[in-house]
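Close look at the chain arrangement
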Amino acid sequence: MPQFLAAGGWGLLAGSALLVGALFGFLAKVPGKVVAAVMAFGSGVLLSAVSFDLISEAEEQGGLLATAVGAVAGAVVYTLANVALARRGARHRKRSGDQQPSESEQSGSGTALALGALLDGVPESIVIGTSLLGGGSVSAVTVAAVFISNVPEGLSSASGMRKAGRSARYVFGLWGGIAVISAIAAMVGNALLGGAPPAVLAAITAVAGGAILAMVTDTMIPEAFEQAHLWIGLITVSGFLIAFSLSHLG
């Protein structure tokens, strides 16, 4: 199988967790504290993946300067795009309560939600695709981290969309589309960066790491803290240590 197709398959696997989470979030009345706990766990998993599989790898490949510049660039791009989308109704796209506006309350918020979901998912998929470069195997820890974190993201967001009056067709179409785009992003990342020098790959990995870290602190941790603030630290550390242990064993 061509490497870029394998990358697409791994990207699709990780992205499909969004659809799994959305299924539970839309069809079942999951208690807010359960959503928050799963979100906190997913945050810890992603924080570990960013630290030990993205930023650390980027520094080894391209040095500290390229890594730092890439991480800051990723955080800046994500933040600016997030600010623009927040003004159009996507500020609370990961929230499970009634914070999300309906289309009647804010016209165009549905499109903003879709673009926000895309903004959150693409960096992770590109990293999955580039992890196959150089003839190596895919980073199982990165795929597992993205998959685990995507479940609570889809669950929380779909629950909030249901409360905002979004239809099942919209919700499942959105997350199904994002899963497919995740696969495409992984394939494109693998195909376009196959001949890139290590410094470029390091910078791109760092950009994705910075964007993911900004996303975790801006959209995932606030949702977890609102409902489970007394336990969020312990749950987040548990997710972090489990992902770190998998990385160490790998």
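Calculation criteria
- Sequence order sets the numbering: in each chain, residues are counted from 1 along the sequence as written.
- Local features in a predicted model are, by the rule used here, given only for residues with pLDDT of at least 70; side-chain atom pairs are given and counted only at 80 or more, and totals for whole chains, interfaces and linings are based on all residues.
- Values reported for side chains reflect all heavy atoms of the structure, with hydrogen atoms and water molecules removed beforehand.
- What we call a nonpolar core is a set of buried Ala, Val, Leu, Ile, Met, Phe, Trp, Tyr and Cys residues that are connected through their side-chain atoms within 4.5 Å.
- Categorising residues by exposure relies on relative accessible area from a 1.4 Å probe, with only protein chains included: less than 20% of the type maximum marks a residue as buried, more than 50% marks it as exposed, and the intermediate range marks it as partly exposed.
- Here, residues are in contact when the closest pair of their heavy atoms is within 4.5 Å.
- The criterion for an aromatic pair is that two Phe, Tyr or Trp rings (for Trp, the six-membered ring) have centres within 6.5 Å, with stacked assigned to planes under 30 degrees apart, edge-to-face to planes over 60 apart and tilted to the rest.
- Strands are runs of DSSP state E lasting at least two residues, helices are runs of H or I lasting at least four, and both sets are numbered from the N terminus onward.

As annotated in an unreviewed UniProt entry, the protein carries the name Putative integral membrane protein and comes from Actinokineospora spheciospongiae.

1. Remarks on the nonpolar core
One finds Leu 46, Tyr 78, Ile 212, Val 216 and Met 220 to be the most contacted residues of the largest nonpolar core, which totals 20 residues. Apart from residues no more than four positions distant in its own chain, Ile 212 is found in contact with Leu 46, Val 50, Leu 54, Pro 123 and Glu 124. The next biggest cluster of nonpolar side chains, apart from the first, holds ten residues, and it includes Ala 158, Met 161, Leu 174 and Trp 175.

2. Points about the packing of aromatic side chains
Throughout the structure, instances matching the rule amount to three aromatic pairs. Each ring, one from Phe 26 and one from Phe 172, has its centre 5.5 Å from the other, and the planes form 70°; the classification is edge-to-face. Of this pair, Phe 26 sits in helix H1 (residues 3–27) while Phe 172 sits in helix H5 (residues 168–192), and the two are 146 residues apart along the sequence. Among the residues examined, Phe 26 registers a relative accessible area of 13% and is labelled buried. With a relative accessible area of 23%, Phe 172 lands in the partly exposed category. Arranged with centres 4.8 Å apart and planes meeting at 55°, the rings of Phe 52 and Phe 244 form a pair that is tilted. Here the residue Phe 52 occupies a position in helix H2 (residues 32–90), and Phe 244 occupies one in helix H7 (residues 232–249), the gap between them amounting to 192 residues.

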